[in-house]
Amino acid sequence: MSVLVLADHDLGVLSPATARIVSAASTLGPVDLLVVADDAATIAQSAASLSGVDKVLTLKGSLVADSLATQLSTLAVRYHYVVASAGSVGKDVVPRLAATLDLMPVTDVVKILGPTSFERPIYAGNAVQTVTDTQDKHLLTLRASAFRPAAGGNAAPIEALDGSVQAVAKLLSSDRTESDTADLATAQIVVGGGIALGSAENFQLVENLAKKLGAAVGATRAAVDAGYAPNDWQVGQTGKIIAPDLYIAIGISGALQHLAGIQGAKKIVAINTDPEAPLVKLADIALIGDLFEIIPQLTAELDRLGVKR
């Protein structure tokens, strides 16, 4: 059964999430990967290398949801599945496409059980719902962090589609936070900090440890609201949902909103003074003590061991 995957990209570079979506979508059938961009031909080269991609389709234009949904509705007639990441683009485009095609989308999928059966979290991650989609065509958004990335080494053919996406809306500007750390949504290691750090200056302890480990930096909503960390570092129900192999939580008690965002973490290390904190009880390893003593000691030990990423 044929699958069309919408590629995620930024600044002319394919997003790490795309490899994960391709990996998951390839279990449903042969994958055609659609790259929509003004420089689509350049991005298509890296897209074609992903294992599981049968063909890369390129279309000139921008990822503006209103226009793209109309274009996708024309392409969708060829496919059984249309799949996108459950990121900003997918959340914007897929509901519009669903309205155009008069279909029900299945969103935030974290596990594919079969051709028509999918799992998705509900109630802030406190329950998992199994959805059976009996429609002839399926529209899905997948949480990239829940799936392993596809390998490289492929050489899929690239086909340029006729026409272009005619934008009915114009992007006037974008504000972005530049960072040399790993992408939070797909990182294998995440170091998170909470309100207990006390200031933006102290939050650099979290950043320094993350750099040592080659990890992404996360923060609780309280830490973001206090100005200790930028908004795009927020992890939780109203932030980013992550599923790293290792999550190191520093000074985080574990509010329900935050726990909803880390439910997919494989291993959790909690550093806190309160042994009764919810996240401490949930953690695989808990270090009870003052974070201002433990983190410098941990960083120094990593230096002694020569750990450098």
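Along every chain, residues carry numbers that run from 1 in the direction the sequence is written. Where totals are concerned, whole chains, interfaces and linings use all residues; where local detail is concerned, this predicted model gives features only for residues with pLDDT of at least 70, and gives and counts side-chain atom pairs only at 80 or more. Only hydrogens and water are set aside; all other atoms, that is, all heavy atoms of the structure, feed into the side-chain values.

### Quick word on the sheet that holds strand 10 (residues 127-132)
At step 1: Spatially, the three strands line up as an open sheet ordered 8-9-10, and their pairing is antiparallel. Strands at the two margins of the open sheet, each flanked by one partner only, are strand 8 (111-114) and strand 10. Strand-to-strand twist in this sheet, taken as the mean axis angle between neighbours without regard to direction, amounts to 30 degrees.
At step 2: Strands pair, by our definition, only if DSSP identifies at least two bridges between them. Think of it this way: any DSSP run of H or I at least four residues long counts as a helix, any run of E at least two long counts as a strand, and we number them from the N terminus. Pairing between strand 9 (residues 117-122) and strand 10: six bridges, direction antiparallel. From the neighbouring strand, R120 faces strand 10, where its bridge partner is Q129. Where helices are involved, their axes are fitted lines through C-alpha atoms of the stretch in contact, as for all axes, and angles between N-to-C directions lie from 0 to 180°.

### As for helix 1 (residues 16-25)
In an α-helix there are 3.6 residues to a turn, and that puts residues three or four apart on one side.
At step 1: Burial classification: accessible surface area is computed with a 1.4 Å probe over protein chains only, and a residue below 20% of its type maximum counts as buried, one above 50% as exposed, and the rest as partly exposed. For helix 1, the buried fraction is high: eight of the ten residues fall into the buried class.
At step 2: Taken together, the buried positions of helix 1 are occupied by A17, T18, A19, R20, I21, V22, A24 and A25.
At step 3: In this structure S15 caps helix 1, since a side-chain oxygen of it lies 3.1 Å from the backbone nitrogen of A17. Polar contacts, as used here, are pairs of N or O atoms within 3.5 Å; protein pairs need one atom able to donate a hydrogen and one able to accept it. Residues neighboring in sequence count only if both atoms are side-chain atoms.

### Looking at the packing of helix 5 (residues 204-213) against helix 9 (residues 291-304)
At step 1: Two numbers describe how helix 5 lies on helix 9: the axes approach to 10 Å, and their chain directions differ by 25 degrees. For the element pair helix 5 / helix 9, the angle class is roughly parallel. Considering the relative orientation of helix 5 and helix 9, their crossing is left-handed. Residues L205, L209, K212 and L213 of helix 5 touch helix 9, and the partners they reach there are L291, F292, I295, P296, L298, T299, L302 and D303.
At step 2: Following the grouping adopted for this structure description, the nonpolar residues are Ala, Val, Leu, Ile, Met, Phe, Trp, Tyr, Cys and Pro, the charged ones are Asp, Glu, Lys and Arg, and the polar ones are all others, Gly among them. Classifying every residue of the contact of helix 5 with helix 9 by side-chain character gives nine nonpolar, one polar and two charged. Roughly parallel covers angles under 35 degrees, roughly antiparallel covers those over 145, roughly perpendicular covers 65 to 115, and oblique covers all other angles. Note on convention: near helix rotated counterclockwise from far helix by under a right angle means a left-handed crossing. Clockwise means right-handed. By the convention used here, residues are in contact when the closest approach between their heavy atoms is within 4.5 Å.

### Some thoughts on unusual backbone geometry
At step 1: Positive phi is not limited to glycine here, since D102 has a value of about 60 degrees.
At step 2: Of note, the phi angle at D108 is positive, near 60 degrees, even though the residue is not glycine.
At step 3: D108 sits in the buried class, given a relative accessible area of 18%.

### As for the pairing of strand 16 (residues 267-272)
At step 1: Burial analysis of strand 16 places five of its six residues in the buried class, which makes it a mostly covered element.
At step 2: Where strand 15 (residues 246-250) lies against strand 16, five bridges are found, and the strand directions are parallel. Counterpart to L246 in the pairing with strand 16 is K267.
At step 3: As judged from the four bridges shared by strand 16 and strand 17 (residues 285-288), these two strands associate in the parallel manner. The partner of A270 across the bridge, within strand 17, is A286.

### Some points on the sheet that holds strand 15
At step 1: Pairing is parallel across the open sheet formed by five strands, whose spatial order is 14-13-15-16-17. Edge positions in the sheet fall to strand 14 (216-219) and strand 17, since each of these pairs with one other strand and no more. On average, each strand axis in the sheet is tilted by 15 degrees relative to the strand beside it, whichever way the strands run.
At step 2: Here helix 5 sits on the sheet and contacts strand 13 (189-193), strand 14 and strand 15; the angle it forms with strand 13, its principal contact strand, is near 175 degrees.
At step 3: Together, strand 15, strand 16 and strand 17 form the strand contacts of helix 9, whose direction differs from that of strand 16 by roughly 130 degrees.

### A short note on the packing of helix 3 (residues 65-75) against helix 4 (residues 88-101)
At step 1: Two elements in contact, helix 3 and helix 4, have axes whose closest approach is 8 Å; the angle formed by their N-to-C orientations is 50 degrees. If you check the angle between helix 3 and helix 4, you find them oblique. The element helix 3 and its partner helix 4 pack so that their crossing is right-handed. Between helix 3 and helix 4, the contacting residues are A65, D66, L68, A69, L72 and S73 on the first element and D92, V93, R96, L97, T100 and L101 on the second.

### Brief notes about the pairing of strand 15
At step 1: With four of its five residues buried, strand 15 lies for the most part within the structure.
At step 2: Looking at chain direction, strand 13 and strand 15 are connected through five bridges and run parallel. Opposite G192, over in strand 15, you have A249 as the bridge partner.

### With respect to the pattern of salt bridges
At step 1: Basic side-chain nitrogens of Lys or Arg form a salt bridge, by our definition, when they fall within 4 Å of a carboxyl oxygen of Asp or Glu. Enumeration according to the criterion identifies eight salt bridges in this entry.
At step 2: D108 is the salt-bridge partner of R143, the closest N and O atoms lying 3.7 Å from each other. Placement of the pair is R143 in the loop between strand 11 (138-142) and strand 12 (158-164) and D108 in strand 7 (residues 105-109), with a sequence separation of 35 residues.
At step 3: A relative accessible area of 14% means that R143 is categorised as buried.
At step 4: Of the charged contacts in the structure, one is a salt bridge between R148 and D245, with a shortest N-O distance of 3.0 Å. A residue pair is termed long-range when its members are at least 10 positions apart, and R148 in the loop between strand 11 and strand 12 and D245 in the loop between helix 6 (221-225) and strand 15 qualify at 97 residues.
At step 5: Accessibility expressed as a relative area gives 46% for R148, which makes it partly exposed.
At step 6: Classification of D245 as partly exposed rests on a relative accessible area of 25%.

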